[in-house]
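In case you want the letters, here they are:
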Amino acid sequence: MTQPTAAKIQSPLGSKDRYKTAVAAALGTSVENYDFIAYGTASALYFSAVFFPESDRFIGTLLSFATLAVGFLMRPLGGAIGGYLADKFGRKPVLVGAMLVMGGATFIIGILPTYATVGAVAPILLVVIRMIQGLAFGAEWGGAITMAYEHAPWNRRGMFAAIPQSGNPLGIALASAMFLISANLDGDWRWRVPFLLSAVLVVVALIVRSCLSESPEFQEAKAEGKIEKNPFLTTLRRDWRSILRVISLRIVESFAYYSTATYFLNYLVERFPDLRPTALGALTAASIVAIFVTFLAGSLTDKIGRRPIYIVGCAVAILFAFPMYLLTNDGAPALVIAVFIFGIGVIHASLTGTQGSLLTELFGTSTRTSGASLGYQIAAALGGFAPFLAAVLVGWLGWSGASLLYMLAAVIGLIGILSTRETFGKSERERVAKLVAEARSQLS
């Protein structure tokens with residue numbers, strides 16, 4: 001059988017499965033984020049008492065956040081493995097496999113014995129399962145973004161790549177809502193139920209993802225014999241500068257989220273226990289707002305380029321670092337809600353909405369998933385320590401320590417975007433618009 005030609009595989013108008021692929025990628029990403037974020041929320045609210053009860057409150061909080069960080073340490077390895085497999089054998093198998101592993105690990109957390117039942121074995125089991133979660137989550141992101149991007153019309157790739165990114169806040173909103181609802185349950189069911197219910201979401205996402213077609217760009221590269229023998233080593237040798245750029249761009253987004261949704265949540269609840277429902281509700285509301293802002297940011301990048309939105313997002317994050325604590329140190333509910341919505345629903349979402357296309361376009365087809373995933377997940381591993389580092393700095397400097405950490409991450413992001421080329425500038429937008437117009441005229 002002869003291989004299809006490149007012209008038959010890829011079109012400036014995108015594939016016929018472009019919408020289905022983007023939605024399926026978003027659905028899967030939302031489940032992956034539900035699973036991963038559920039752990040972060042449980043770490044902030046419950047795990048210090050459930051798995052480390054012999055420690056004092058401060059040490060228990062540090063240990064709880066340390067186990068949270070362990071999962072992030074595994075994400076670069078997951079990204080390297082998932083990226084290699086996606087660039088070597090295809091994007092689709094990685095999406096399905098990562099979903100199965102993540103779903104299974106999350107369900108197991110829901111049935112883990114506690115310290116009161118099995119002693120020190122409980123936190124050990126928790127760490128092992130958290131490591132498996134990190135591997136699966138690290139492998140998933142690159143494949144999901146790449147699939148949506150490569151199926152999309154060339155003039156709307158920013159928007160289509162933002163659709164699976166919108167799955168991030170959707171999963172976060174679902175996880176936050178579940179913890180808000182389960183807070184009314186008795187005993188350990190308050191944290192077990194959100195993990196157990198993830199099994200339902202995993203089954204739905206697996207059914208949808210299994211029906212997807214492979215990326216047209218990957219099919220083209222395969223047909224032309226352009227698959228790298230070892231995509232991982234090739235991207236390290238050829239694209240190491242782009243990987244460093246991805247790390248710097250991702251650090252601000254990762255720190256912005258986990259400094260707010262995990263540490264800031266814990267900070268407020270410890271000082272104002274009655275604020276727990278308000279804070280969880282605010283986190284849920286912020287995540288819902290972020291769904292739309294993420295999509296909007298991605299759409300805007302198709303019209304004005306990728307860099308402008310990222311530059312503004314980093315600059316605003318720098319300015320927001322101290323006000324987020326100054327406004328909430330008195331525990332005023334309205335200000336708590338406003339800070340969560342602005343910090344996650346606006347700042348964080350504008351960055352994630354831009355990342356899908358920006359980070360992907362820094363690499364060629366043959367190493368795209370490997371390069372973007374590796375840089376993205378290395379930064380995520382660093383970001384996973386944000387709650388732990390914030391807790392240490394607050395113990396040393398007071399609340400200003402958390403603000404300084406947040407600001408530092410934003411400065412790194414700003415330096416990163418200022419040193420990164422525009423991947424969809426005016427000339428490129430005009431070239432792509434011409435190709436799309438020509439393709440449409442051929443169909444009419």
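Look up a bit, the structure's there.
Residues numbered from 1 in each chain as written. Predicted model: local features only at pLDDT ≥ 70, side-chain atom pairs only at ≥ 80, totals over all residues. Heavy atoms only, no water.

Overview of the packing of aromatic side chains
Basically, it comes down to this: Classification of ring pairs rests on two measures: the distance between centres of Phe, Tyr or Trp rings, Trp counted by its six-membered ring, which must be within 6.5 Å, and the angle between planes, read as stacked under 30 degrees, edge-to-face over 60 and tilted in between. Only DSSP runs of H or I with at least four residues qualify as helices, and only runs of E with at least two residues qualify as strands; both kinds are numbered from the N terminus onward. Each residue is placed in one exposure class: buried if its accessible area under a 1.4 Å probe, protein chains only, is under 20% of its type's maximum, exposed if it is over 50%, and partly exposed if it falls in between.
One pass over the structure, following the stated rule, counts 14 aromatic pairs. A centroid spacing of 6.0 Å and a plane angle of 75 degrees characterise the contact between F322 and W399, whose relative ring orientation is edge-to-face. Of the two residues, F322 sits in the loop between α14 (307–320) and α15 (323–326) while W399 sits in the loop between α18 (386–397) and α19 (400–418), which places them 77 residues apart along the sequence. For W399, a relative accessible area of 26% corresponds to the partly exposed category. Members of the aromatic cluster, connected to one another through ring pairs, are Y263, F264, Y267, F322, Y325, F340 and W399.

Considerations on the packing of helix α6 (residues 121–151) against helix α7 (residues 157–182)
The line we're drawing: To define axes, lines are fitted to C-alpha atoms, for helices over the stretch in contact only, and angles between the resulting N-to-C directions are given on a 0 to 180 degree scale. Rotating anticlockwise by less than a right angle from the far helix to the near helix defines a left-handed crossing, while the corresponding clockwise rotation defines a right-handed one. The contact rule is simple, with two residues in contact once any of their heavy atoms fall within 4.5 Å. Note on residue classes: Ala, Val, Leu, Ile, Met, Phe, Trp, Tyr, Cys and Pro are nonpolar, Asp, Glu, Lys and Arg are charged, and everything else, Gly too, is polar.
The geometry of α6 relative to α7 is characterised by a closest axis approach of 8 Å and an angle of 145 degrees between their N-to-C directions. Seen along the crossing, α6 lies across α7 with a hand that is right-handed. Taken together, the residues of α7 that come into contact with α6 (itself represented by W141, A144, I145, A148, Y149 and E150) are R157, F160, A161, P164 and Q165. In terms of residue class, the contact of α6 with α7 is built from eight nonpolar, one polar and two charged.

Some thoughts on α7
In an α-helix, one turn spans 3.6 residues, which is why side chains three or four residues apart end up on the same side. Note the cut-off: Given the number of residues in a helix, its expected span is that number minus one, multiplied by 1.5 Å. Two axes are fitted around each residue, one to the seven residues ending there and one to the seven starting there, and the angle between them is reported as the bend at that residue.
Counted at 1.5 Å a residue, the expected span for α7 with its 26 residues is 38 Å, and the 38 Å between its end C-alpha atoms agrees. Of all the bends in α7, the largest measures some 35 degrees and sits at I163, one to four residues before the proline P164. Taken across its 26 residues, α7 has 21 buried, putting it largely inside the fold.

A short note on the packing of α7 against helix α8 (residues 189–196)
Viewed as axis vectors pointing N to C, α7 and α8 meet at an angle of 145 degrees, and their least axial separation amounts to 8 Å. Relative to α8, α7 is oriented so that their crossing is right-handed. On the side of α7, the interface is formed by M178, F179 and S182, while α8 contributes W189, R190, W191, V193, P194 and F195. Looking at the contact of α7 with α8 residue by residue, the classes come out as seven nonpolar, one polar and one charged.

Describing α6
With 31 residues, α6 should cover 45 Å at 1.5 Å per step; its first-to-last C-alpha distance of 46 Å lies within 8% of that length. Burial runs high along α6: 23 of the 31 residues are buried.

Some points on the pattern of salt bridges
Our working rule: Whenever a carboxyl oxygen of Asp or Glu lies within 4 Å of a side-chain nitrogen of Lys or Arg, that contact is scored as a salt bridge.
Under the counting rule described, the total for this entry stands at 15 salt bridges. In this structure, the salt-bridge partner of R157 is E217, at a minimum N-O distance of 2.6 Å. Within this pair, whereas R157 is found in helix α7, its partner E217 is found in helix α10 (residues 216–223), the two being separated by 60 residues in sequence. Among the residues examined, R157 registers a relative accessible area of 9% and is labelled buried. Taking relative accessible area as the criterion, E217 reaches 7% and is therefore assigned buried. Across the pair D239 and R238 runs a salt bridge whose closest N-O atoms are separated by 3.7 Å. Relative accessible area serves as the criterion here: at 11%, D239 is assigned to the buried category. With a relative accessible area of 45%, R238 lands in the partly exposed category. Several salt bridges share partner residues, and in doing so they unite D87, R91, E150, R157, E217 and R368 into one network.

Concerning the nonpolar core
We apply this condition: The set of buried Ala, Val, Leu, Ile, Met, Phe, Trp, Tyr and Cys residues whose side-chain atoms join them within 4.5 Å is what this entry labels a nonpolar core.
Of all hydrophobic cores here, the largest spans 86 residues; its most connected members are F47, F195, L265 and F340. In this structure, A22, A26, A152 and M159 belong to the second largest nonpolar core, which totals seven residues.

Things to note about a nonpolar patch on the surface
Stated formally: Patch construction takes residues with relative accessible area above 30% that form no salt bridge. Like charges are linked within 9 Å, and nonpolar side chains (Val, Leu, Ile, Met, Phe, Trp, Tyr) are linked within 5 Å. Where accessible areas are quoted, they stem from the Shrake-Rupley method and a 1.4 Å probe; at the residue level, only the protein chains shown are allowed to cover.
Together, L100, V101, I124, V128 and I132 make up a nonpolar patch on the protein surface, roughly 410 Å² of accessible area in all. Those elements that place two or more of their residues in the nonpolar patch are α4 (91–109) and α6. In terms of residue count, the dominant contributor to the nonpolar patch is α6 (three residues). Following the sequence through the fold, V101 ends up in helix α4.

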